[in-house]
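# Examination of the molecular architecture
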Number of protein chains: 4
Amino acid sequence: MSYILEPSLILENTSTGNELLDRYITVRNRSKQICAPLQTEDYVVQPVADVSPPKWHLGHTTWFFETFILKPNVIGYQDFNAEYNYVFNSYYESVGVRVIRTNRGNLSRPTVQDIYAYRDYVDAAMENLLRCEVSAELHELLVLGFYHEEQHQELLWTDIKYILGHNPLLPAYAENYPGKNSMPKNDAVFIPIKSGLYEIGHQGEGFYFDNELGRHAVYLPDFEISSEPVTNQEYLEFIQDGGYQNFRFWHAEGWDWVKNNEIKAPLYWHFIDGEWCNYTLGGIKKIDLQEPVCHVSYYEASAYASWKGLRLPTEFEWEVASEKLNWGSVWEWTNSAYLPYPGFVTAPGAIGEYNGKFMVNQMVLRGASVVTSPNHSRKTYRNFFQTSARWQYIGIRLAK
Amino acid sequence: MSYILEPSLILENTSTGNELLDRYITVRNRSKQICAPLQTEDYVVQPVADVSPPKWHLGHTTWFFETFILKPNVIGYQDFNAEYNYVFNSYYESVGVRVIRTNRGNLSRPTVQDIYAYRDYVDAAMENLLRCEVSAELHELLVLGFYHEEQHQELLWTDIKYILGHNPLLPAYAENYPGKNSMPKNDAVFIPIKSGLYEIGHQGEGFYFDNELGRHAVYLPDFEISSEPVTNQEYLEFIQDGGYQNFRFWHAEGWDWVKNNEIKAPLYWHFIDGEWCNYTLGGIKKIDLQEPVCHVSYYEASAYASWKGLRLPTEFEWEVASEKLNWGSVWEWTNSAYLPYPGFVTAPGAIGEYNGKFMVNQMVLRGASVVTSPNHSRKTYRNFFQTSARWQYIGIRLAK
Amino acid sequence: MSYILEPSLILENTSTGNELLDRYITVRNRSKQICAPLQTEDYVVQPVADVSPPKWHLGHTTWFFETFILKPNVIGYQDFNAEYNYVFNSYYESVGVRVIRTNRGNLSRPTVQDIYAYRDYVDAAMENLLRCEVSAELHELLVLGFYHEEQHQELLWTDIKYILGHNPLLPAYAENYPGKNSMPKNDAVFIPIKSGLYEIGHQGEGFYFDNELGRHAVYLPDFEISSEPVTNQEYLEFIQDGGYQNFRFWHAEGWDWVKNNEIKAPLYWHFIDGEWCNYTLGGIKKIDLQEPVCHVSYYEASAYASWKGLRLPTEFEWEVASEKLNWGSVWEWTNSAYLPYPGFVTAPGAIGEYNGKFMVNQMVLRGASVVTSPNHSRKTYRNFFQTSARWQYIGIRLAK
Amino acid sequence: MSYILEPSLILENTSTGNELLDRYITVRNRSKQICAPLQTEDYVVQPVADVSPPKWHLGHTTWFFETFILKPNVIGYQDFNAEYNYVFNSYYESVGVRVIRTNRGNLSRPTVQDIYAYRDYVDAAMENLLRCEVSAELHELLVLGFYHEEQHQELLWTDIKYILGHNPLLPAYAENYPGKNSMPKNDAVFIPIKSGLYEIGHQGEGFYFDNELGRHAVYLPDFEISSEPVTNQEYLEFIQDGGYQNFRFWHAEGWDWVKNNEIKAPLYWHFIDGEWCNYTLGGIKKIDLQEPVCHVSYYEASAYASWKGLRLPTEFEWEVASEKLNWGSVWEWTNSAYLPYPGFVTAPGAIGEYNGKFMVNQMVLRGASVVTSPNHSRKTYRNFFQTSARWQYIGIRLAK
């Protein structure tokens with residue numbers, strides 16, 4: 001039912017052994033830093049199927065290194081615990097039975113302490129390995145493991161926010177948190193782009209996911225795209241104009257979603273004592289009207305655009321215009337379905353197993369958010385979610 | 001949850017008054033002819049939400065003419081029954097409350113006889129009206145009403161097949177039925193098409209739906225497309241090779257669908273006494289191996305292509321190659337999501353209310369089937385269904 | 001999920017061959033008379049799982065005679081249609097696969113005409129058989145068949161009422177209908193009954209179901225029981241006093257039922273233009289305040305009693321007091337669970353298969369209603385339904 | 001949907017102030033001792049709706065003393081945290097909004113440490129209060145609070161067993177645990193009891209729940225009852241004889257339950273390497289054939305009895321025979337529905353709110369189990385559960 005960030009083919013092969021070790025340590029520490037302010041109990045729960053318990057993310061990313069790197073490459077390597085494959089496998093059907101996703105929140109064991117011990121055990125073995133020379137193939141797998149963990153770091157942020165933001169006590173995560181000090185605001189202008197044949201997809205050096213591969217030409221007619229994402233103030237006008245009560249702005253499926261779930265505002269918004277507030281990782285606050293609206297579904301993004309008499313950009317328009325846009329605080333829904341680029345090919349084996357398996361009934365998001373890991377911001381990056389997803393940091397940009 | 005063919009803007013305005021009357025009579029008679037072999041009881045039931053009772057189709061298409069043509073244009077027109085608006089409205093939220101779709105099969109009244117009386121009543125008033133001169137605007141609405149009813153005629157075929165084909169007695173509809181004598185078969189060859197900028201969308205005279213509008217350039221790389229749809233024999237090899245048991249060929253969502261619904265073959269296929277048979281409108285028959293495979297979901301089409309190491313064409317590839325293809329016995333899943341063409345605009349008012357409302361989480365089908373109404377076959381026609389839909393006459397064409 | 005009246009052991013053996021034939025004809029005709037005012041379409045639908053299509057009742061009762069009497073007793077008997085066993089078996093797991101109950105409303109075939117032909121065919125064979133002498137064993141089975149069909153006749157009434165009463169056109173069944181002319185009303189008084197040891201259960205001649213068997217002593221303390229069932233007027237006071245809004249009167253499970261189903265009044269009640277009306281088999285009418293309240297669940301009956309500061313009688317209190325009570329227009333919920341009497345034994349074979357299988361999570365009803373068949377009114381008769389059932393003619397009597 | 005032990009009227013008033021204080025400390029410590037072997041994570045999860053997280057039990061029992069004793073009786077008492085009422089209220093609708101039961105497992109906050117601090121805070125205030133003289137009314141409430149917490153202690157045992165016993169690692173709770181050293185076994189004999197009028201219900205001094213009140217005469221015919229509960233060995237014969245595959249032994253509702261849930265053995269039984277094992281609080285062990293069978297539903301108990309050609313006793317038979325029975329290791333399903341005794345009256349106010357609210361669709365259990373708190377074993381005690389409940393320590397006794 002939902003999206004899991006799964007790794008795919010990588011093509012980066014320039015860092016040296018020492019750089020790899022440093023990078024390993026950096027990536028692995030970052031996951032722990034994200035979790036540092038949590039109470040033990042916060043690591044355990046799974047309020048909805050889309051949200052995984054933080055301890056599961058910590059175990060799953062560790063399991064990845066153990067399964068795909070240590071076991072095949074370290075002679076005599078002993079599993080930390082043979083049963084963990086059963087617990088921390090996510091969707092790799094070729095590697096063994098996995099715990100059904102909705103049950104993750106029922107597991108009190110392994111404990112948080114067990115999982116940190118598991119991390120230490122695997123980290124020690126990995127660091128040992130990385131002190132030796134690594135083959136090109138192993139190098140690739142390692143970099144994939146880094147990106148995999150960095151993707152789960154974004155999910156750690158969003159899942160922690162969901163867990164705390166749906167607790168009746170609405171506890172703050174910390175005084176400082178991503179997005180606390182928002183970016184300087186500019187006035188939105190519509191940027192005109194000329195029609196023509198444009199090249200789309202990854203090019204050149206550096207890491208990329210296979211869904212970005214297959215650079216290809218796309219013809220675009222003239223269009224204009226807003227320089228800024230839609231703000232809370234602009235979205236509030238939609239709410240106040242009865243946007244959630246008027247079926248005309250909505251897809252049929254979106255309208256059903258609004259009614260069945262009694263949606264009246266973005267996720268985390270609360271109307272308290274006559275004022276709109278929202279839950280942030282710093283606790284409940286009054287809405288900041290200048291901030292980009294965040295935590296909206298594709299249905300809401302599309303309805304907002306329809307109410308404005310405008311539309312969402314396609315992912316191609318976004319990529320072509322990207323250098324002229326102010327982006328990076330929220331992911332942005334595009335009006336492109338998540339489908340393969342021409343020439344897309346599934347990689348063989350367990351790692352490549354799932355490259356194309358999510359390419360149905362999901363929409364592409366472009367950009368990045370305040371909780372996106374550093375290496376995951378680039379203009380060709382294709383993020384994707386189901387149309388009802390709201391727990392990610394997702395906003396809206398308009399085109400015409 | 002599912003697709004309803006809903007009318008949209010039309011642009012055809014050349015027939016004269018007499019021609020309109022003739023055409024009205026022809027269209028309206030055709031619906032009755034389709035239902036002629038039915039027993040009264042067959043008109044009533046709704047085995048699943050996607051399938052509407054035939055009597056509902058007969059009433060709904062009549063209600064369309066009464067609501068959008070007679071009431072606004074005939075002074076002093078008396079409703080046949082004021083409560084029918086409640087019963088026969090489908091998805092036109094702006095016209096009034098509608099009967100929830102899954103409840104249609106619980107309605108024993110109005111009876112089939114009542115509905116035929118309703119048709120006669122409306123037909124008399126319409127024929128009266130059509131003997132006078134009609135305005136251009138009314139002309140458009142009329143033509144729209146014809147196309148609307150013709151779309152429901154295809155649904156009548158598919159819904160009747162579902163109702164009879166899911167009855168434990170598996171009764172035949174009639175000795176003769178659409179698709180009984182299949183088209184002459186040719187050997188499939190892959191037709192190469194050169195890369196280039198192609199014009200996509202409707203052009204010139206004749207009726208078209210607004211989703212075909214906005215003729216625009218699309219750049220296509222080199223590709224090849226099969227001249228023929230996939231046959232039962234070819235699909236049987238996929239079944240016999242364990243295609244339904246191997247997750248590698250499937251989207252994650254498709255694999256869940258296979259397992260949750262215990263899918264083992266296309267809809268209407270039965271394995272009887274060691275042989276594959278399928279239900280046809282003529283009753284249960286042995287599979288005709290030369291026929292195009294039919295009644296498959298998008299998941300199955302996509303998994304079959306993956307098993308073959310090939311892919312489905314995009315809707316643009318299909319349109320560009322269409323004149324070289326043998327098509328028309330089955331609709332064909334493309335690998336294009338149903339999304340607006342550049343410049344798509346929603347028409348105002350109740351008629352235009354839903355033009356774009358289905359443009360989410362559905363895939364485009366191209367071509368036509370043996371039960372498609374005569375005016376609904378053209379190379380720019382965009383049909384669309386949800387990825388699990390199988391009760392339509394849908395097959396597979398491969399590309400690479 | 002729901003209750004089906006299923007036959008059980010009988011002990012009546014006094015009628016002669018001719019009497020049996022006469023009775024057979026009478027019983028069989030009565031089912032047809034009940035259905036005479038229906039349109040063909042009314043025979044087909046199943047709006048909820050509890051309600052079976054009338055044509056199913058007609059087929060099932062016929063199937064009973066064919067399966068249990070003709071096939072084992074008439075040499076060379078030819079099935080009318082071998083597939084009907086699949087369609088018309090209800091819950092007799094030992095006789096073969098049955099159509100899952102919620103699917104009955106999806107079956108357009110066999111048609112109503114087919115089923116009447118089936119009845120004629122079986123009736124001819126039965127009448128032939130009944131012109132010969134019948135064994136004691138066969139005699140018993142025959143009488144069981146009569147009672148079985150008579151039980152389904154009550155269900156025919158309640159299911160027809162549900163089908164028509166849930167159609168948006170609210171069509172009347174007929175000008176005259178059971179309960180149209182209500183019984184003369186008496187003022188309710190509380191009748192005191194002395195404590196003591198009372199005999200409970202069937203005694204003596206005549207037909208009875210095995211759940212009435214095992215006449216046994218029950219000690220009752222002093223109690224008082226109302227001479228009359230609760231009226232619409234009395235129940236309206238409960239509604240107007242906020243009875244449906246106050247959890248204090250309800251079982252926890254009942255309160256969940258009220259909230260989940262948004263219950264605000266008995267089934268078939270509608271608040272129209274400021275007045276309470278209810279659907280009757282004669283169409284929509286203003287509430288008759290003197291009538292016994294009808295179509296209430298056990299939860300409602302119990303909540304009403306709690307609101308009054310009183311209670312429902314046990315089935316034993318009811319039976320002991322029965323001769324002093326005015327009863328027969330509505331079944332009455334008792335506060336006794338449906339459990340076996342001491343010494344209850346399950347009969348062997350298919351007929352006896354289900355004697356005790358419903359004795360869990362259902363409550364006993366005593367009395368009879370205006371749609372109860374003539375032979376099904378006696379003071380020891382134990383009717384039973386699940387606590388949420390409302391489509392039967394069920395009311396309330398109070399005790400203290 | 002399920003049963004919560006809720007307090008009701010008590011009548012015990014003999015202990016002095018010091019005794020009350022001692023008893024308070026003893027009861028409160030016992031809850032902590034039960035939880036002592038848990039990891040923090042074990043306190044948090046709720047694998048199914050029936051099972052509450054241990055931290056919730058610890059909070060809820062504390063909330064009870066704070067809400068019903070401290071707030072009304074201690075002038076100037078300050079809530080530990082005003083929001084806890086929202087979190088720890090269970091079903092007391094008159095005291096405020098409650099957290100919906102199935103969501104308890106999504107709450108990471110308040111943490112376990114917070115809840116222990118809450119307990120300490122309330123305990124200090126309570127101990128202060130108990131050093132003064134208490135009124136008779138307060139005395140009653142106190143004793144009720146003790147019994148309430150003791151009831152939750154049994155749930156703590158059963159919920160902890162469920163949480164650990166459904167973890168894929170199947171961790172043991174502790175080396176020593178209730179029921180580890182089973183009772184000496186005797187051969188089962190059927191004890192005959194003479195017919196007659198027997199007094200049922202509580203009599204005399206001591207605490208009792210209001211559902212035991214209303215001592216009254218019940219007439220019982222002759223019966224025999226087994227001196228011992230059914231053993232694992234006896235139950236294994238039922239399994240091996242195909243008991244779970246034969247519908248004849250089951251209620252219709254029970255048979256649906258078996259099929260829908262694929263039930264093949266009691267809860268916690270696993271067939272491992274050709275042998276039946278079961279999860280105990282000491283970990284996975286081979287079945288002890290001499291032990292009473294445990295963790296069976298009413299459906300299973302009833303099917304077993306039916307397979308034996310016997311029946312379950314009524315709660316009255318059990319109570320009359322109780323002094324001759326070996327009981328106390330498992331609760332025992334009776335064939336009596338949980339209904340009020342004659343003269344049962346609901347107490348006013350929040351405490352009495354729920355006295356009778358569970359008296360529908362549940363069955364009475366008699367006896368006690370190895371995890372029952374010391375004061376909760378007496379021959380008149382009426383325990384009750386829904387017919388599908390298996391996570392309690394429940395077994396079977398036969399009668400005829």
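Computed from a predicted model, the values in this text were never measured in an experiment.

The rules we used
Residues numbered from 1 in each chain as written. Chains lettered and ligands numbered in written order. Predicted model: local features only at pLDDT ≥ 70, side-chain atom pairs only at ≥ 80, totals over all residues. Heavy atoms only, no water. Helix = DSSP H or I, 4+ residues; strand = E, 2+ residues; numbered from the N terminus. Buried < 20%, exposed > 50% of the residue type's maximum accessible area, 1.4 Å probe, protein only. Contact = heavy atoms within 4.5 Å. Areas by Shrake-Rupley, 256 points an atom, 1.4 Å probe, with all protein chains shown as cover. Pairing = 2+ DSSP bridges. Buried area = accessible area lost by both parts, 1.4 Å probe. Salt bridge = Lys/Arg side-chain N within 4 Å of Asp/Glu carboxyl O. Polar contact = N/O pair within 3.5 Å; in protein donor to acceptor, adjacent residues only side chain to side chain. Least-squares fit on C-alpha atoms with pLDDT ≥ 70 in both. Expected span 1.5 Å × (residues − 1). Bend = angle between axes of the 7 residues up to and from the residue. Nonpolar A, V, L, I, M, F, W, Y, C, P; charged D, E, K, R; others polar. Phe/Tyr/Trp six-rings, centres within 6.5 Å; stacked < 30°, edge-to-face > 60°. Lys NZ or Arg CZ within 6 Å of the ring centre and 35° of its normal. Domains from an automatic or database assignment. Axes fitted to C-alpha atoms, helices over the stretch in contact; angles between N-to-C directions.

## Considering the overall build of chain A
Within chain A, the regular secondary structure consists of 10 helices and 11 strands. The burial tally for chain A puts 62% of its 400 residues in the buried class. Here the contacts in chain A between residues at least 6 apart in sequence split such that 78% fall between residues at least 24 apart. For chain A, the computed accessible surface area is about 15,100 Å², with 50% contributed by carbon and sulfur atoms.

## As for the pairing of strand S8 (residues 331-337) of chain A
Residue and element names in this part refer to chain A. In terms of burial, S8 is a largely internal element, seven of the seven residues being buried. Side chains Trp331, Trp333, Asn335 and Ala337 of S8 all project onto a buried face; the interleaved residues Glu332, Thr334 and Ser336 project onto the opposite face, where all are buried too. Where S8 and strand S9 (residues 363-367) come together, four bridges link them in antiparallel fashion. When the bridges of S9 are listed, Trp333 appears paired with Leu365. In terms of strand pairing, S8 meets strand S11 (residues 394-395) through two bridges, oriented parallel. The partner of Trp331 across the bridge, within S11, is Ile394.

## Here's the deal with the interface of chain A and chain B
Listed by partner, the interface residues are 36 residues for chain A and 36 residues for chain B. Across the interface of chain A and chain B, roughly 2,600 Å² is buried in total on both sides, 59% from carbon and sulfur atoms. It is Tyr219(A), Val360(A) and Asn361(A) that lose the most area in chain A upon contact with chain B, and together they represent 21% of the buried surface on that side. Where chain A meets chain B, there are zero salt bridges. Between chain A and chain B we count eight residue pairs in polar contact (both at pLDDT 80 or more) in total. Of all the secondary structure elements, the ones that give two or more residues to the side of chain A that touches chain B are strand S3 (216-220), helix H7 (252-261), helix H8 (298-308) and S8 of chain A. Residue contributions to the side of chain A that touches chain B peak at four residues, all from H7(A).

## Description of the sheet that holds S8(A)
Residues and elements named next belong to chain A. Pairing in this open sheet of four strands is mixed, and the strands run S10-S9-S8-S11 from one edge to the other. Looking along the sheet, the strands with just one partner apiece sit at the ends: strand S10 (383-385) and S11. Looking at chain direction, S9 and S10 are connected through three bridges and run antiparallel. Bridging across to S10, Val364 finds its partner in Phe384.

## Considerations on the relation of the copies chain A and chain B
Overlaying chain A on chain B yields an RMSD of 0.0 Å, the required transformation being a rotation through 180° with an accompanying axial translation of 0.1 Å. Accordingly, the operation relating the two chain copies is best matched by a two-fold axis. Of the interface residues in chain A, 97% have counterparts in chain B that sit at the interface too, so the contact is made through matching surfaces.

## Some remarks on the side chain of Thr280(A)
Residue and element names in this part refer to chain A. Its location among the elements puts Thr280 in strand S6 (residues 275-280). The buried category is assigned to Thr280, whose relative accessible area is 13%. A polar contact is formed between the side chain of Thr280 and the side chain of Tyr177, at a distance of 3.4 Å. Once residues lying within four places of it in the same chain are set aside, the contact partners of Thr280 are Lys161, Tyr177 and Lys285.

## Description of helix H2 (residues 54-73) of chain D
Residues and elements named next belong to chain D. The terminal C-alpha atoms of H2 lie 28 Å apart, and with 20 residues this matches the ideal 28 Å at 1.5 Å per residue to within 8%. Along H2, the helix axis deviates most sharply at Glu66, where the bend reaches about 35°. For H2, the buried fraction is high: 17 of the 20 residues fall into the buried class.

## Focus on the pattern of salt bridges
Note on pairing: side chains with opposite charge can pair once their charged atoms come close. For the structure shown, the criterion picks out 59 salt bridges over all chains. Across the pair Glu212(A) and Arg378(A) runs a salt bridge, and its minimum N-O distance is 2.6 Å. Taken as a pair, Glu212(A) in the loop between strand S2 (196-200) and S3 and Arg378(A) in the loop between S9 and S10 lie far apart in primary sequence, 166 residues in all. Of the two residues, Glu212(A) and Arg378(A), both sit in the buried class. Of the charged contacts in the structure, one is a salt bridge between Arg215(D) and Glu199(D), with a shortest N-O distance of 4.0 Å. Here Glu199(D) lies in strand S2 (residues 196-200) and Arg215(D) lies in the loop between S2 and strand S3 (216-220), a separation of 16 residues in the sequence. Of the residues examined, Arg215(D) reaches a relative accessible area of 32% and is grouped as partly exposed. Among the charged side chains, a salt-bridge network with shared partners connects Arg28(A), Arg119(A), Asp123(A) and Glu149(A).

## Points about the interface of chain B and chain C
Taken together, the contact pairs 28 residues of chain B with 28 residues of chain C. Counting the surface chain B buries against chain C, the share from its top three residues, Glu41(B), Arg109(B) and Leu169(B), is 30%. Summed over the shared surface of chain B and chain C, the number is eight residue pairs in polar contact (both at pLDDT 80 or more). Broken down by element, the side of chain B that touches chain C gets its largest block of residues, three residues, from helix H3 (residues 84-88) of chain B. In terms of residue class, the side of chain B that touches chain C is made up of 14 nonpolar, nine polar and five charged.

## Here we look at the packing of aromatic side chains
Inspection of the entire model under this criterion finds 158 aromatic pairs over all chains. With a centroid separation of 5.5 Å and an interplanar angle of 65°, the aromatic rings of Phe238(C) and Trp307(C) are classed as edge-to-face. Of this pair, Phe238(C) sits in helix H6 (residues 232-240) while Trp307(C) is found in helix H8 (residues 298-308), placing the two residues 69 residues apart along the sequence. Exposure remark for Phe238(C): the relative accessible area of 0% places this residue in the buried category. Put simply, the rings of Tyr235(A), Phe238(A), Tyr244(A), Phe249(A), Trp250(A), Trp269(A), Phe271(A), Trp276(A), Tyr304(A) and Trp307(A) pair up and form one aromatic cluster. Of note, Arg104(A) hangs over the ring of Trp56(A), and the distance from its end group to the ring centre comes to 3.4 Å.

## Some thoughts on the environment of Tyr299(D)
Structurally, Tyr299(D) is set in helix H8 (residues 298-308). For Tyr299(D), a relative accessible area of 5% corresponds to the buried category. Setting aside its immediate chain neighbours within four residues, Tyr299(D) contacts Val360(C), Asn361(C), Trp250(D), Glu253(D), Gly254(D), Trp257(D), Thr387(D) and Ser388(D).

## Quick look at the domain arrangement of chain A
Under the domain assignment used here, chain A contains domain 1 (9-165) and domain 2 (190-395). If you average the C-alpha positions of domain 1 of chain A and of domain 2 of chain A, the two centres end up 27 Å apart.

## Things to note about the sheet that holds strand S5 (residues 269-272) of chain C
All names here are of chain C. Across the sheet, which stays open at both edges, the three strands sit in the order S5-S6-S7 with antiparallel pairing between neighbours. Strand pairing shows two members of the sheet lacking a second neighbour, S5 and strand S7 (283-286), which therefore form its edges. Sheet twist, expressed as the average angle between the axes of neighbouring strands with direction ignored, equals 35°. Sheet topology places strand S6 (residues 275-280) next to S7; four bridges connect them, and they run antiparallel. When the sheet's bridge partners are listed, Tyr279 is paired in S7 with Ile284.

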